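Reading the structure
Each chain, letter by letter, is given below.
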Amino acid sequence: MPITILKNSKITGICCTLPDNCLSIYDMGKKYFDEEEIEKISKSVGIKYLYLAKPEQTTSDLAVKACEKLILNLNWNKDEIDGLILITQTPDYILPSTANILQYRLGLKKNCIAIQINLGCSGYVYGIWLASEFISNGTCKKVLVIVGDTLSKTTSKQDKSIFMLSDGVAATAVEYKEGYSSSSFSLFSDGSGADKLIIPDGGFRNPVSEKSYILSKDEDGNSRSNMNIFMDGMAIFLFAINQVPSALKEFINYLNVDIVKIDKFLLHQANNYLIKMLARNAKLPIEKIPINIDKFGNTSAASIPLVICDQLKNDLEHKDLNVIMAGFGVGLSWGIGMLKLERGISTSIIYV
């Protein structure tokens, strides 16, 4: 297992932005299911509320608000920010890069590195790893890691298999601190499963055509076009169950981690049942795994930072936390990271 161990990089703050447009799963689900079925789904998946971007809101709009609030909270000088990493599946344009647009909208200096990466639910681990690489090798001193999507804009309103996705963006400040405790990462990809979670048309393999917008119905009665997101739910579930627990166990064993000294395990909030299955299969103590999918839904790469801001805020006011985080999803891709969250880091959630 290839593992990267990096030094001198520290997370100093996180701000999450959600659309000010909250809907209950009962409101969303009543066009697909009766009340009894919705109740069963809510108990199994764990979702009670979803946040959906307004028609005019894009990923960059949510990102600007998150970054501005974070910079204000930390009293960072914008001229000292020398790195911006955006990880999203819903950029403003095919080109130019939305990362460059964010650099301009935020008023960052022109010699700030601005990179956009196309990843989903594994994106937070990848983003913190890349920022830590930049800092550890001396490329950057202060980096903004921005993750998240407005995936509701890609879903078919006639597809009950995918309606439980939420929109949201998280901005994380990572900076250089001499002698700060090391962080460890292990990253994976398996492109053989690329078709299991995909928007088939709109790129250059399958350019947009009149046929791209034609709805077709699957065997479960879901209708979607090739411009809508498609997910093979069972394939993604089996991927997560088969790959993530074994990767977690191998990571923990390789680094000889004492589970007792890990305060929290932060897993991507895909659904309640899957999180508990992953915990059981990886032999992780369930009491150390915060779950908040009921409050926010599946927010893709923003789900782990949302857990930190929502569930760990009070703890972080009083003590340091040693955490292991695991993200997994589209690509297929998955990643694991172990690091320390220092007491007093800034955490906030805003609604716009």
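Below you will find a few notes about this structure.

Cut-offs used in this document
- Residues numbered from 1 in each chain as written.
- Predicted model: local features only at pLDDT ≥ 70, side-chain atom pairs only at ≥ 80, totals over all residues.
- Heavy atoms only, no water.
- Helix = DSSP H or I, 4+ residues; strand = E, 2+ residues; numbered from the N terminus.
- Rg over C-alpha atoms; globule rule 2.2 N^0.38 Å.
- Buried < 20%, exposed > 50% of the residue type's maximum accessible area, 1.4 Å probe, protein only.
- Contact = heavy atoms within 4.5 Å.
- Areas by Shrake-Rupley, 256 points an atom, 1.4 Å probe, with all protein chains shown as cover.
- Salt bridge = Lys/Arg side-chain N within 4 Å of Asp/Glu carboxyl O.
- Patch = residues over 30% accessible without salt bridge, like charges linked within 9 Å, V, L, I, M, F, W, Y side chains within 5 Å.

**Remarks on the overall build of the protein**
- Check the secondary structure of the protein and you find ten helices and 17 strands.
- Taken over C-alpha atoms, the radius of gyration comes to 19 Å for the protein, in line with the 20 Å a tight globule of 352 residues would show.
- Evaluated residue by residue, the protein yields a buried proportion of 55% over its 352 residues.
- In the protein, the share of contacts with a sequence separation of at least 24, taken over all contacts with a separation of at least 6, comes to 80%.
- Counting every atom, the protein has about 15,600 Å² of accessible surface; 50% of that belongs to carbon and sulfur.

**Some remarks on the pattern of salt bridges**
- With the rule as written, the count across this model stands at eight salt bridges.
- Note that Lys142 and Glu80 form a salt bridge whose closest N and O atoms lie 2.8 Å from each other. A residue pair is termed long-range when its members are at least 10 positions apart, and Lys142 in strand β7 (residues 142–149) and Glu80 in the loop between α3 (59–74) and β5 (83–87) qualify at 62 residues.
- We classify Lys142 as buried; its relative accessible area is 15%.
- The shortest N-O distance in the salt bridge between Asp218 and Arg224 comes to 3.1 Å.
- Taking the relative accessible area as the measure of exposure, Arg224 reaches 11% and is therefore buried.
- In the salt-bridge network here, residues are joined through shared partners; they are Lys10, Lys177 and Glu342.

**Structural notes on a nonpolar patch on the surface**
- Together, Ile94, Leu95 and Phe204 give the surface a local cluster of nonpolar side chains, amounting to about 440 Å² of exposed area.
- For Phe204, the location among the structural elements is in the loop between β10 (197–198) and β11 (216–217).
- Residue Phe204 is classed as exposed on the basis of its relative accessible area of 75%.

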